[in-house]
Amino acid sequence: GKKTELIQMGDENLKEKVVEVMRRRTKNKDLDKIGKVTVAQLERLDVVKENFQKLVERRFKSETLSYKKFMGAMEKADFALINGYIKMTTKVMIIDEPEYVKFSLEEYQNDVILDDIQEEKKKLYHKSLESMRNILRENEKILLRLDHLMLEISDTDYSEQNVDYAVEEINNLIAQLQFYC
């Protein structure tokens, strides 16, 4: 198969590289599903960022503390989500190899390698998948919170206390995401 270099924060065309890795899955049905969700989330993240910025700019003057807090929270959320996607691409590159793909196809039963080693590989494979699903779940919570926040900003007269609370909630979700990664 085609080898991919490891993706890291700061890479040029970072999102495009993540999408390329996550779309490349062919034989592995588990990674295929995870890849589709990842690509959809990345596309939503771009839309959320754009809408969030427009809304915050419309609502607050750029020199205000509220503006800076909201935009800072969005930047942190973006960084955290992208960081999770980078970790996922690394896991994909490790477990999308023939000896792991067979676990998604359940062909490993007929293997000549000792059963205990196969079991260990299977555990590693499933642990990696679960880790990726957790990252996607936590990312989804952050995207949902950002949607809530945009609705709140557009609906109400936002006090400084509301701003602090909303930003704190996003920071808590980001901390949870970093815990899962």
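Residues numbered from 1 in each chain as written. Predicted model: local features only at pLDDT ≥ 70, side-chain atom pairs only at ≥ 80, totals over all residues. Heavy atoms only, no water.

A few words on the packing of helix H1 (residues 14-23) against helix H3 (residues 65-95). Packing of H1 against H3 leaves a shortest axis separation of 10 Å and a crossing angle of 40°. H1 and H3 meet at a crossing whose hand is left-handed. Of the residues in H3, those touching H1 at Leu-14, Lys-15, Val-18, Val-21 and Met-22 are Asp-78, Ile-82, Tyr-85, Ile-86, Met-88, Thr-89, Val-92 and Met-93. Across the contact of H1 with H3, the residue classes tally to ten nonpolar, one polar and two charged. (Axes fitted to C-alpha atoms, helices over the stretch in contact; angles between N-to-C directions. Helix = DSSP H or I, 4+ residues; strand = E, 2+ residues; numbered from the N terminus. Left-handed = near helix turned anticlockwise from the far one by under 90°. Contact = heavy atoms within 4.5 Å. Nonpolar A, V, L, I, M, F, W, Y, C, P; charged D, E, K, R; others polar.)

Our focus in this paragraph is the packing of aromatic side chains. Counted under the stated rule, the structure contains two aromatic pairs. Judged by centre distance (6.2 Å) and plane angle (70°), the ring pair of Phe-52 and Phe-70 falls under edge-to-face. Residue Phe-52 is found in helix H2 (residues 29-59), and its partner Phe-70 is found in helix H3; the two are separated by 18 residues along the sequence. Summarising the aromatic geometry, the rings of Phe-60 and Phe-70 are spaced 5.5 Å apart at their centres and angled 25° between planes, so their arrangement reads as stacked. With a gap of ten residues between them, Phe-60 in the loop between H2 and H3 and Phe-70 in helix H3 connect regions that are remote in the sequence. Site record: aromatic cluster; members linked through ring pairs are Phe-52, Phe-60 and Phe-70. (Phe/Tyr/Trp six-rings, centres within 6.5 Å; stacked < 30°, edge-to-face > 60°.)

Right, let's talk about the packing of H2 against helix H5 (residues 115-155) for a bit. At their nearest, the axes of H2 and H5 sit 10 Å apart, and the two run at 20° to each other. The orientation of H2 relative to H5 falls into the category roughly parallel. Both H2 and H5 take part in a crossing whose hand is left-handed. Residue composition of the contact of H2 with H5, by class: 17 nonpolar, five polar and six charged. (Parallel < 35°, antiparallel > 145°, perpendicular 65-115°, else oblique.)

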